[in-house]
Amino acid sequence: MGETGPKEQTGQLGPKLVAGTISFLLSLSMFCVFDISFDIIEMVDGEVLHVNKTGSNGAYTSIQDAIDDAGVGDTVFVYNGTYN
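Cut-offs and rules
Residues numbered from 1 in each chain as written. Predicted model: local features only at pLDDT ≥ 70, side-chain atom pairs only at ≥ 80, totals over all residues. Heavy atoms only, no water. Helix = DSSP H or I, 4+ residues; strand = E, 2+ residues; numbered from the N terminus. Buried < 20%, exposed > 50% of the residue type's maximum accessible area, 1.4 Å probe, protein only. Contact = heavy atoms within 4.5 Å. Areas by Shrake-Rupley, 256 points an atom, 1.4 Å probe, with all protein chains shown as cover. Pairing = 2+ DSSP bridges. Right-handed = clockwise from strand over helix to strand, strands pointing away.

**Some words on the overall build of the protein**
The number of helices and strands found in the protein is 2 helices and 2 strands. Within the protein, buried positions represent 7% of all 84 residues. Excluding contacts between residues fewer than 6 apart, the proportion of contacts in the protein whose partners are at least 24 apart in sequence is 47%. For the protein, the computed accessible surface area is about 7,400 Å², with 61% contributed by carbon and sulfur atoms.

Here is the structure:
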């Protein structure tokens, strides 16, 4: 006769371990993404100076003028076009 002890479950720990590891890594990666996004938000703390060809809505018409007026942490946003 055979043994009457508990049946051995082969192959069950492998998939559970893999699923748990994947869940852990995905959770960890989400924290990294949030940390990076908060760092970017902290860095972008200045003004945005706009440059366009017409100067509409208070925008600069010269890229150099916007750069000259920009301070530390400011962003110069240049719209499409050819500037002289």
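**Here's the deal with the pairing of strand E1 (residues 48–51)**
Of the two faces of E1, only one is covered, namely that formed by Leu49 and Val51; the face formed by Val48 and His50 stays uncovered. In the sheet, E1 pairs with strand E2 (residues 75–78) via 4 bridges, with the strands oriented parallel. When the sheet's bridge partners are listed, His50 is paired in E2 with Phe77. In this fold, the crossover linking E1 to E2 by way of helix H2 (residues 63–69) has right-handed handedness.

**A word on the environment of Glu47**
Relative to the assigned elements, Glu47 resides in the loop between helix H1 (13–43) and E1. Apart from the residues within four sequence positions on either side, Glu47 is in contact with Asp74 and Thr75.

**Quick notes on the side chain of Asn52**
Relative to the elements of secondary structure, Asn52 occurs in the loop between E1 and H2. For Asn52, a relative accessible area of 12% gives the class buried. What Asn52 contacts, discounting residues up to four positions off in sequence, is Ala59, Tyr60, Thr61, Tyr79 and Tyr83.

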